[in-house]
Structure formats: C-alpha cells, structure tokens
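The primary structure of each chain is shown beneath.
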Amino acid sequence: MIKICIQIVIYSFLIFWSTCFSHAESTLKIAVDDDFPPFSYAQNNETIGIDVDILRELGKRLDIDFEIFLIPWKRLLFMTKYGTFDGSMSLFRTLEREEYAIFTHPMHYSTFVLFVKKGKEFQFQSIKDLYGRQIMKQSGFSIGGDFGIAEKSQKIIIQDAFEFEDFFISTLNGI
C-alpha cells in the first residue's frame with residue numbers, strides 16, 4: 001500500500017513539475033520545515049529526511065536542480081504565502097492555505113497520537129472527549145479536521161510548545 005502511495009505521489013509530482021516548469025529556469029528553490037524529523041531536518045550540517053530524499057529523486061528523474069532551504073515553520077508559511085520560493089513541502093491542506101497555495105497529492109500521511117499522563121487517563125472516543133481539556137501541541141502546527149475546528153472555537157485549551165523540551169517541562173509541571 002505504501003509503495004503504491006509513493007508511486008502515485010511521484011508520478012503526480014513528475015507530471016506537475018514537467019508541465020509547470022518545462023521552460024522554467026533549471027534550479028527551483030524549495031522550502032522545507034527545518035525541524036520535522038523524519039521528513040525534513042538538519043544533521044551534521046546536511047539537509048536530510050524522507051521528503052528531502054523524494055525531492056532529490058524527483059530532481060534526478062526530471063533533470064531539475066532543487067535548492068532546498070530549511071526554514072522555521074512559521075517563516076515557511078509566511079514565505080509560502082508571499083511566493084518567496086518556487087515551492088514548499090510538508091504543509092497540511094487547510095482552507096486558509098488553499099487561498100494562496102496549490103497542493104499536489106500528499107507525499108506522506110500523518111497519524112496523530114494523544115499522550116496522557118499516567119494516572120490522568122480518560123475515555124477517548126471522539127474529539128468531544130477533549131472539550132475543556134488542556135492539550136499541548138507544537139506551535140504553529142495545524143492538525144485540521146475536527147480537532148482544528150474545536151481548537152479555533154476554543155473548545156479545547158491549547159498550550160503551544162515552541163521546543164521539543166517544552167513537552168517534558170510541562171509534564172514536570174503537571175500539565
């Protein structure tokens with residue numbers, strides 16, 4: 001199943017890039033999230049990750065050079081909105097983003113997991129079970145769907161985590 005999804009993504013991307021950029025300059029500037037392992041991140045001063053690997057393979061097959069820029073998430077969204085780059089990766093489709101971005105088929109699918117402190121367990125069957133509860137999520141990260149609706153209507157209390165360590169600090173503080 002994953003192999004089929006990856007093939008569909010690659011073929012869709014090939015068609016999209018070859019159609020849109022067949023007469024464009026030979027190097028396309030692509031922005032990726034600077035801290036989104038395993039999809040895009042830096043290690044030993046090298047840009048790596050699954051999405052980065054896919055993009056490089058597409059470049060080889062299409063004979064297009066991609067210059068990949070690691071950008072902090074909020075800046076990536078801003079620069080995508082105002083067209084600073086030729087493209088950007090790892091953006092979830094939202095109604096707001098559809099106003100300024102064109103989306104291809106997904107390069108990967110994400111699963112979200114809810115962690116609960118031991119001793120604070122509760123039944124979780126639907127998003128309504130989170131109403132009135134305090135939830136920590138990565139700052140600037142859009143989950144969308146029913147969660148996004150509950151977040152915007154403030155039925156769920158969101159605490160932003162700006163760094164990975166914030167999750168651990170909040171656990172120590174009882175959140």
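This report concerns the structure included in the present document.

**Remarks on the sheet that holds strand S5 (residues 65–71)**
Okay, so step 1: The sheet built from 3 strands is open, its strands ordered S5-S1-S6 with parallel pairing. Strands with a single pairing partner mark the edges of an open sheet, and in this sheet they are S5 and strand S6 (87–88).

**Structural notes on the sheet that holds strand S4 (residues 46–48)**
Okay, so step 1: Here we have 3 strands laid out as an open sheet, ordered S2-S3-S4, and antiparallel in their pairing. Strands at the two margins of the open sheet, each flanked by one partner only, are strand S2 (35–36) and S4.
Okay, so step 2: Direction of pairing for strand S3 (residues 40–43) relative to S4: antiparallel, over a ladder of 3 bridges. Paired with alanine 42 across the bridge in S4 is threonine 47.

**A look at unusual backbone geometry**
Okay, so step 1: Cis geometry marks the peptide bond from proline 37 to proline 38; its omega dihedral reads 5°.
Okay, so step 2: Relative to the elements of secondary structure, proline 38 occurs in the loop between S2 and S3.
Okay, so step 3: In this model, asparagine 44 sits at a positive phi of 55°, which is unusual for a non-glycine residue.
Okay, so step 4: Structurally, the position occupied by asparagine 44 is in the loop between S3 and S4.
Okay, so step 5: Classification of asparagine 44 by relative accessible area gives exposed; the value is 74%.
Okay, so step 6: Unusually for a residue other than glycine, asparagine 45 sits at a positive phi of about 60°.
Okay, so step 7: Tracing the backbone through its elements, the reader meets asparagine 45 in the loop between S3 and S4.
Okay, so step 8: What makes asparagine 45 exposed here is its relative accessible area of 85%.

**Description of the pattern of salt bridges**
Okay, so step 1: Overall, the coordinates contain 3 salt bridges when judged by the stated rule.
Okay, so step 2: With its nearest N and O atoms 3.0 Å apart, the salt bridge here joins arginine 93 to glutamate 98.

Rules used in this analysis
- Residues numbered from 1 in each chain as written.
- Predicted model: local features only at pLDDT ≥ 70, side-chain atom pairs only at ≥ 80, totals over all residues.
- Heavy atoms only, no water.
- Pairing = 2+ DSSP bridges.
- Helix = DSSP H or I, 4+ residues; strand = E, 2+ residues; numbered from the N terminus.
- Buried < 20%, exposed > 50% of the residue type's maximum accessible area, 1.4 Å probe, protein only.
- Salt bridge = Lys/Arg side-chain N within 4 Å of Asp/Glu carboxyl O.

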